[in-house]
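# A closer look at the structure
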2 protein chains.
Amino acid sequence: MAPTRLRDVAERAGVSIRTVSNVVNGYAQVSDETRQRVEQAVAELGYHPNLLARNLKRGRTGLIALVVPELDVPYFSELARAVVAKARLHGYTVVIDQTDGEPDRERELIMRGASAALFDGVILSPLALSQADLARRDAAGPLVLLGERIAASPYDHVAIDNVAAASAATEHLLALGRTRIAAVGDQPYDTGETAQLRTRGYREAHAARGLRVDDSLIVSTHKFHRSDGAAAMADLLDHPGGPPDAVFCYNDLLALGAIRTLLTRGVRIPDDVAVVGFDDIEAGRYNTPTLTTISPDKTMIAQLAVDRLVSRLDGRSPGEPGELWAPYSLEIRESTGG
Amino acid sequence: MAPTRLRDVAERAGVSIRTVSNVVNGYAQVSDETRQRVEQAVAELGYHPNLLARNLKRGRTGLIALVVPELDVPYFSELARAVVAKARLHGYTVVIDQTDGEPDRERELIMRGASAALFDGVILSPLALSQADLARRDAAGPLVLLGERIAASPYDHVAIDNVAAASAATEHLLALGRTRIAAVGDQPYDTGETAQLRTRGYREAHAARGLRVDDSLIVSTHKFHRSDGAAAMADLLDHPGGPPDAVFCYNDLLALGAIRTLLTRGVRIPDDVAVVGFDDIEAGRYNTPTLTTISPDKTMIAQLAVDRLVSRLDGRSPGEPGELWAPYSLEIRESTGG
DNA sequence: CTGAAAGCGCTTACAG
DNA sequence: CTGAAAGCGCTTACAG
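Residues numbered from 1 in each chain as written. Chains lettered and ligands numbered in written order. Predicted model: local features only at pLDDT ≥ 70, side-chain atom pairs only at ≥ 80, totals over all residues. Heavy atoms only, no water.

If you check the shell around DNA strand D, you find 25 residues, and the closest are S16 and T34 of chain A together with L6, Y47 and R54 of chain B. The separation between a phosphate oxygen of DNA strand D and a polar side-chain atom of Y47 of chain B is 2.5 Å. A distance of 3.5 Å is found between a base nitrogen of DNA strand D and a backbone nitrogen or oxygen belonging to A53 of chain B. Mapped by element, the contributors of at least two residues to the surface near DNA strand D are helix 2 (17-24) and helix 4 (51-58) of chain A together with helix 2 (17-24) and helix 4 (51-58) of chain B. The leading source of residues in the surface near DNA strand D is helix 4 of chain B, at five residues. Partitioning the surface near DNA strand D into residue classes produces 10 nonpolar, eight polar and seven charged. (Near = heavy atom within 4 Å. Polar contact = N/O pair within 3.5 Å; in protein donor to acceptor, adjacent residues only side chain to side chain. Helix = DSSP H or I, 4+ residues; strand = E, 2+ residues; numbered from the N terminus. Nonpolar A, V, L, I, M, F, W, Y, C, P; charged D, E, K, R; others polar.)

Next comes the structure, spelled out in structure tokens:
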């Protein structure tokens, strides 16, 4: 079946295509009688506008890209869900691209490459993007970054206060009387900004109580998966200075992996070791023990990012690019005795 | 910066736009010298083709839709990841749409509606689609269904053998000597086909051993979330005939919810109650106890679906629409003593 | 091997 | 309020 075009509708209704276009787009200047004739023709022919043609003419695609490291990491799929829903309200369709944390894929997706040319704008949760990458960006559309601002880049970004949140998580453990608190998930290289901010929060909480940090309790992990947390915890249990009595993991997946190791080794939670995570994914709420965690407001993050992107796309001027802060809370559950 | 067009490149290189198009698309009939001039102009201007215009002309969009009930359900996000990756290899971009299991959204996405008009083809994991819905479909592009075939519909579908898999899961529990095996996740209404097939497998496993099923041990759930599994398990523990000694849950999320309830109530797993799930999501591999489950080959499912869709899109004739079967396996873990 | 031209289906000044 | 026409940026028969 050859698709119906504006022209077919126009012929059937006995009007010009201009008039059909007016009716379809809901512009007011059409007489009631003409409108009805057109609407009937549209219904009879089952006409739907060709979005490609419309957008070619309008100079937009109606597509925005959401770029995340891994779609099947719960934090990102929960976030993606919220972004897709929010963008829909504004009439935009979201294409989700996963980079597997490969720097090349991330760069490609913000540049005016074959794929980027398809999108009006991009929301990116970067893992390995440097300031230089951003400076080199040559694509036309707006870009909103999720997570910590990459220093001095001229782009909007949406984040929670990672230092304060990590500090709150650590202080919670300190207030419980724990004295050897490990930190799992540090990434002490140039693209590990978010992890480094959490480490800073961890240090600040200690400093606020006049305590010094045992650096050997800060453990780096390559990724933020359950397996990384499980491996890191195994190492910590064999720590020469004895195992820690608490662990602050930089995301819930790490924490769930760590818990698995603890339980396997017969360590009691929270009695012997208390555990705190970060992200508040559903898995942590049903784990045994349930997981104490920092809960970023993902709905708010999605909303701030989409609203900002769309207002730039629609030519409204939301002002200079800058930081947008989303709230978070500490959810106390069984893994710390809650 | 106004985008460069084919025309700009043609002017700079001193050739016609036809020639630039030939070079850009890699068609052979261009002299080496001309090609070089064009390539240099492309590089200097940073030209990238306008995909909208190209696809308008070619009569395709390059977009395929993946429609799932909920993006943040691990089975779907793991599947989505595989589909996105596979489609990329064929040059297609995937748009993921979530329906929240709303029948209207599912219907809209397979019909020639505003959104569907944007896609060359659709891969749909239906939850509430009826045969009538499919019969009414008027969109042009191919559709591949994930999961059980909706009776006699003229579409391709990719599935595992749910009856056999459910039977294998149940038989595993029977072989362990369990005698009161509950089934959690039945959906005895017209759109719950997959659930019903699993119930059939559950019954067949019993029948094969000459055992009769206690129908009161078959529990329906509205959704397949952890909370549904937790609630169902709570009910089963208060079963008038006494609690079951095993539970077969129709997905891992239900099983993880059920396990949470069991542990909260002090029931030992698998000693008192053994648990089997379905889907093999990562959460089950790190849970304590680790979860015995049916593991569908998700990579294969994604590959079969994408390959079939793309071969129809590209005009190859893969034959009559029909079933494509993906393999599965039973993964025995701690929740059944493995 | 390359050019001039039509047309994909739409939107939108320009007239009337 | 409505029509005839140009043009978004591309691809591709048709000529040469």
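Taken together, 25 residues lie near DNA strand C, and L6, Y47 and R54 of chain A together with S16 and T34 of chain B sit nearest. Across the atoms of DNA strand C situated within 4 Å of the protein, the share located in sugar and phosphate is 62%. Within the backbone of S16 of chain B, a nitrogen or oxygen atom sits 2.7 Å from a phosphate oxygen of DNA strand C. Separating a phosphate oxygen of DNA strand C from a side-chain N or O atom of T19 of chain B is a distance of 2.9 Å. Here the element with the most residues in the surface near DNA strand C is helix 4 of chain A; it accounts for five residues. Class assignment for the residues of the surface near DNA strand C results in 10 nonpolar, eight polar and seven charged.

What follows concerns the relation of the copies chain B and chain A. In the superposition of chain B on chain A (RMSD 0.1 Å, axial shift 0.0 Å), the rotation amounts to 180°. Given the turn and translation reported, the copies of this chain are related as if by a two-fold rotation axis. Across chain B, the smallest distance between a C-alpha and the rotation axis is recorded for V95 of chain B, namely 2.4 Å. Comparing interface residues between copies, 100% of those in chain B also lie at the interface in chain A; the contact surface is shared. (Least-squares fit on C-alpha atoms with pLDDT ≥ 70 in both. Contact = heavy atoms within 4.5 Å.)

Take the domain arrangement of chain A next. Here the domain parsing of chain A yields domain 1 (6-49), domain 2 (60-160 + 298-328) and domain 3 (162-296). Each of domain 1 of chain A and domain 2 of chain A has a C-alpha centre, and these two points are 38 Å apart. (Domains from an automatic or database assignment.)

What follows is about the packing of helix 1 (residues 6-13) of chain B against helix 2 of chain B. All names here are of chain B. Where helix 1 contacts helix 2, the two axes come as close as 8 Å, and the packing angle between them is 105°. The orientation of helix 1 relative to helix 2 falls into the category roughly perpendicular. Contacts between helix 1 and helix 2 involve L6, R7, V9 and A10 from the former and I17, V20 and S21 from the latter. Class assignment of the residues belonging to the contact of helix 1 with helix 2 gives a composition of five nonpolar, one polar and one charged. (Axes fitted to C-alpha atoms, helices over the stretch in contact; angles between N-to-C directions. Parallel < 35°, antiparallel > 145°, perpendicular 65-115°, else oblique.)

So, about the side chain of T221 of chain B. All names here are of chain B. With respect to the secondary-structure elements, T221 resides in the loop between strand 7 (218-220) and helix 10 (226-237). One polar contact links the side chain of T221 to the main-chain carbonyl oxygen of K223, over a distance of 2.9 Å. Ignoring sequence-local partners within four residues, the contact set of T221 consists of V184, G185, D186, Q187, Y189, D228, A232 and L254.

Take the interface of chain B and chain A next. Facing the 50 residues of chain B at the interface are 50 residues of chain A. In this assembly, chain B packs against chain A so that about 4,600 Å² is buried in total across both faces, 58% of it on carbon and sulfur atoms. Across the contact surface, chain B and chain A share 10 salt bridges. With its nearest N and O atoms 2.7 Å apart, the salt bridge here joins R81 of chain B to D72 of chain A. Contributing elements (two or more residues each) for the side of chain B that touches chain A: helix 4, helix 5 (74-89), strand 2 (93-98), helix 10, helix 11 (252-264) and helix 12 (282-286) of chain B. At seven residues, the largest contribution of residues to the side of chain B that touches chain A is made by helix 5 of chain B. (Buried area = accessible area lost by both parts, 1.4 Å probe. Salt bridge = Lys/Arg side-chain N within 4 Å of Asp/Glu carboxyl O.)

On to the environment of L129 of chain A, then. As for its placement among the helices and strands, L129 of chain A is situated in the loop between strand 3 (121-124) and helix 7 (131-136). Along the primary structure L129 of chain A and R107 of chain A are separated by 22 residues, whereas in three dimensions their C-alpha atoms are 7.2 Å apart.

This part is about the sheet that holds strand 9 (residues 274-278) of chain B. Pairing between the strands of a sheet comes from backbone hydrogen bonds, and it takes one of two forms, parallel or antiparallel. Residue and element names in this part refer to chain B. Spatially, the six strands line up as an open sheet ordered 7-6-8-9-10-12, and their pairing is mixed. A single partner strand is all that each edge strand has here, and the edge strands are strand 7 and strand 12 (328-331). The mean angle between the axes of side-by-side strands here comes to 15°, regardless of whether they run parallel or antiparallel. As judged from the three bridges shared by strand 9 and strand 10 (residues 292-296), these two strands associate in the parallel manner. Following the sheet pairing, F278 is matched in strand 10 by I294. Relative to strand 9, helix 8 (residues 162-175) is tilted by about 165°, and along the sheet it contacts strand 6 (181-186), strand 8 (246-249), strand 9, strand 10 and strand 12. Relative to the sheet, helix 11 contacts strand 6, strand 8, strand 9 and strand 10, its axis offset from that of strand 9 by approximately 155°. (Pairing = 2+ DSSP bridges.)

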